[in-house]
Amino acid sequence: MSEAQERRAELAGFLRSRRARLAPQDVGLAPGVRRRTPGLRREELALLAGVGVTWYTWLEQGRAINPSPEVLGSLARTLRLDRAETAYLFRLAGSAPLDGEVEVPAEVPVALLRLMHAQWPAPAFLMDVNWDVRAWNPGADALFALSSGPPERCNLAWVVFGNAVHRARVVDWEVHARRFLAQLRSAYAERGGEATAAGRRLARLIAQVRESYPETVRWLDEHRVEERGGARKVLWHEELGALRIDQHVLQVPGGLQLVVLSPQDAETDERLRLLAPVAATA
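Trainee: Looking at this model, I keep getting lost on the environment of Glu-270. Mind explaining?
Mentor: Mapping Glu-270 onto the fold places it in helix H13 (residues 266-275). The class of Glu-270 is partly exposed, set by a relative accessible area of 47%. For the pair Glu-270 and Gly-229, spaced 41 residues apart in the sequence, the C-alpha separation amounts to 25 Å.

Encoded structure:
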């Protein structure tokens, strides 16, 4: 399958999934009878968006169609897409500039390393556009065991899904794992999808996650997308107890992201100091 076909197939699946989540009453239509599938019918969506039924059917079938930005905007409004989903729709349709060709720095700048270590006692790490974890402080290593695995597995996807200890520590792990997949899918489109090297690398990563962890198949097929940002988490450490943290994601030059897990309360702050006491004198 060509790059264009891959992108059109992804667009088709995304549109079908978003149409299925809208009930007729959500858009002011009568529920009707004999609905064999959830959500709006194609003809209903086409009418509401002001496009032809045949044209929209072809779009959901993955045919070679180039919708205008105006039509995409109408579809986004009709489907009630949020900001991340709208950006994803435009990128899949080829109607947004590609910013995927970000050069991954060979070395992490020393100033960023200092900033990362200065977050102690909060665990912190630096991640590049490929979602590879490039550097971390002792607190992050204590939580995620980043230094214990092979280099090719030092990627946030393998931390989330492949690290059994970390999975067991995260309260409501499935909720956070599903959000992670939504952010990974959004990053794939942001990096340019199959049209860029960075996008293709993320596509391979998504495929590997799907193949390695069967529970992700259904979640990925939901076509959920979400911009990467902050979150609140609770981790249960087997020795220290509950760690209540706020996750902050800071964009820095070179496509890098600084991820900081800051304590929500004084108790967590003290427990994080016990998690990696060596950091105090590093």
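Trainee: What should I look at first to understand helix H5 (residues 83-92) in this one?
Mentor: With 7 of 10 residues buried, H5 lies mostly within the body of the structure. Those residues of H5 not exposed but buried are Ala-84, Glu-85, Tyr-88, Leu-89, Phe-90, Arg-91 and Leu-92. Contacts made by the buried residues of H5 are with helix H1 (3-20), helix H4 (69-78) and helix H10 (173-190). Measuring from the side-chain oxygen of the N-cap residue of H5 to the backbone nitrogen of Ala-84 gives 3.2 Å; that N-cap residue is Asp-82. Remark: Gly-94 follows H5 within two positions and exhibits a positive phi of approximately 75 degrees.

Trainee: Looking at this model, I keep getting lost on the packing of H1 against helix H3 (residues 53-60). Mind explaining?
Mentor: Axes are the key here: two packed helices are described by the angle between their axes and the distance separating the axes. At a closest axis distance of 7 Å, the pairing of H1 and H3 adopts a crossing angle of 115 degrees. In contact with Leu-11, Ala-12, Leu-15, Arg-16 and Arg-19 of H1, H3 contributes Tyr-56, Leu-59 and Glu-60. Residue classes in the contact of H1 with H3 are distributed as 5 nonpolar, no polar and 3 charged.

Trainee: Just to check I follow, could you spell out the side chain of Arg-19 for this structure?
Mentor: If you trace the backbone, Arg-19 turns up in helix H1. Under the relative-accessibility criterion, Arg-19 is labelled buried at 12%. For Arg-19, the side chain forms a polar contact with the main-chain oxygen of Leu-40, separated by 2.7 Å. In terms of polar contacts, Arg-19 uses its side chain to reach the side chain of Glu-60, at 2.7 Å. In this structure, Arg-19 is in contact with Gly-39, Leu-40, Arg-41, Arg-42, Leu-45, Tyr-56, Glu-60 and Leu-79, ignoring residues within four places of it in sequence.

Trainee: Looking at this structure, how should I read the pattern of salt bridges?
Mentor: Oppositely charged side chains can pair when the atoms bearing their charge come close. Inspection of every chain in the model, using the stated rule, returns 19 salt bridges. Between Arg-41 and Glu-44 there is a salt bridge; the shortest N-O distance is 3.6 Å. Judged by its relative accessible area of 30%, Arg-41 is partly exposed. Residue Glu-60 pairs with Arg-42 through a salt bridge whose shortest N-O separation is 2.9 Å. Of the two residues, Glu-60 sits in helix H3 while Arg-42 sits in helix H2 (residues 42-49), which places them 18 residues apart along the sequence.

Trainee: What is the right way to look at the pairing of strand S5 (residues 256-263) in this model?
Mentor: Every other side chain in a regular strand lies on the same face of the sheet, so the side chains alternate between the two faces. Counting buried positions along S5 yields 7 of 8 residues, so the element is predominantly enclosed. Two strands pair when backbone bridges link them, and strand S1 (residues 124-127) and S5 are joined in this way by 4 bridges, in the antiparallel orientation. Of the residues in S5, the one forming a bridge with Met-127 is Gln-257.

Trainee: Teacher, can you tell me more about the environment of Arg-91 here?
Mentor: Positionally, Arg-91 belongs in helix H5. Since its relative accessible area comes to 19%, Arg-91 is described here as buried. C-alpha of Arg-91 to C-alpha of Glu-70: the two residues are 21 residues apart in sequence and 14 Å apart in space.

Trainee: When you look at the sheet that holds S1 in this model, what are you seeing that I'm missing?
Mentor: In any sheet, the strands associate via hydrogen bonds between backbone groups, in a parallel or an antiparallel arrangement. The strand order across the open sheet formed by 5 strands is S2-S1-S5-S4-S3, and the pairing between neighbours is antiparallel. Two strands lie at the open edges of the sheet, namely strand S2 (133-136) and strand S3 (231-237), each paired on one side alone. Along the sheet, successive strands turn relative to each other by an average axial angle of 30 degrees, direction set aside. The sheet contact formed by strand S4 (residues 241-252) and S5 spans 8 bridges and is antiparallel. Each bridged residue has a counterpart across the sheet, and for Leu-250 the counterpart in S5 is Leu-258. Sheet strands in contact with H13 are S3, S4 and S5, and its direction is about 85 degrees off that of S4.

Conventions and cut-offs
- The residue numbering used here restarts from 1 in each chain and proceeds along that chain's sequence as written.
- In view of the model being predicted, local features appear only for residues whose pLDDT reaches at least 70, and side-chain atom pairs are presented and counted only at 80 or more, with totals across whole chains, interfaces and linings using the full set of residues.
- Remark: hydrogens and water are excluded; side-chain values derive from all non-hydrogen atoms of the structure.
- Each helix corresponds to a stretch of at least 4 residues labelled H or I by DSSP, and each strand to a stretch of at least 2 residues labelled E; elements are numbered beginning at the N terminus.
- Throughout this description, buried means an accessible area under 20% of the type-specific maximum (1.4 Å probe, protein chains only), exposed means over 50%, and partly exposed covers the range between.
- Contacts are assigned to residue pairs with any non-hydrogen atoms lying within 4.5 Å of each other.
- Any N or O atom pair separated by 3.5 Å or less is treated as a polar contact, with the protein-specific requirement of one donor-capable and one acceptor-capable atom, and with residues adjacent in sequence counted only for side-chain atom pairs.
- The angle between two axes is taken between their N-to-C directions and runs from 0 to 180 degrees, where each axis is a line fitted to C-alpha atoms and a helix contributes only its stretch in contact.
- Lys, Arg, Asp and Glu make up the charged group, whereas Ala, Val, Leu, Ile, Met, Phe, Trp, Tyr, Cys and Pro make up the nonpolar group; the residues left over, Gly among them, are polar.
- Here, a salt bridge means any Lys or Arg side-chain nitrogen found within 4 Å of an Asp or Glu carboxyl oxygen.
- Any two strands with at least two DSSP bridges between them are considered paired.

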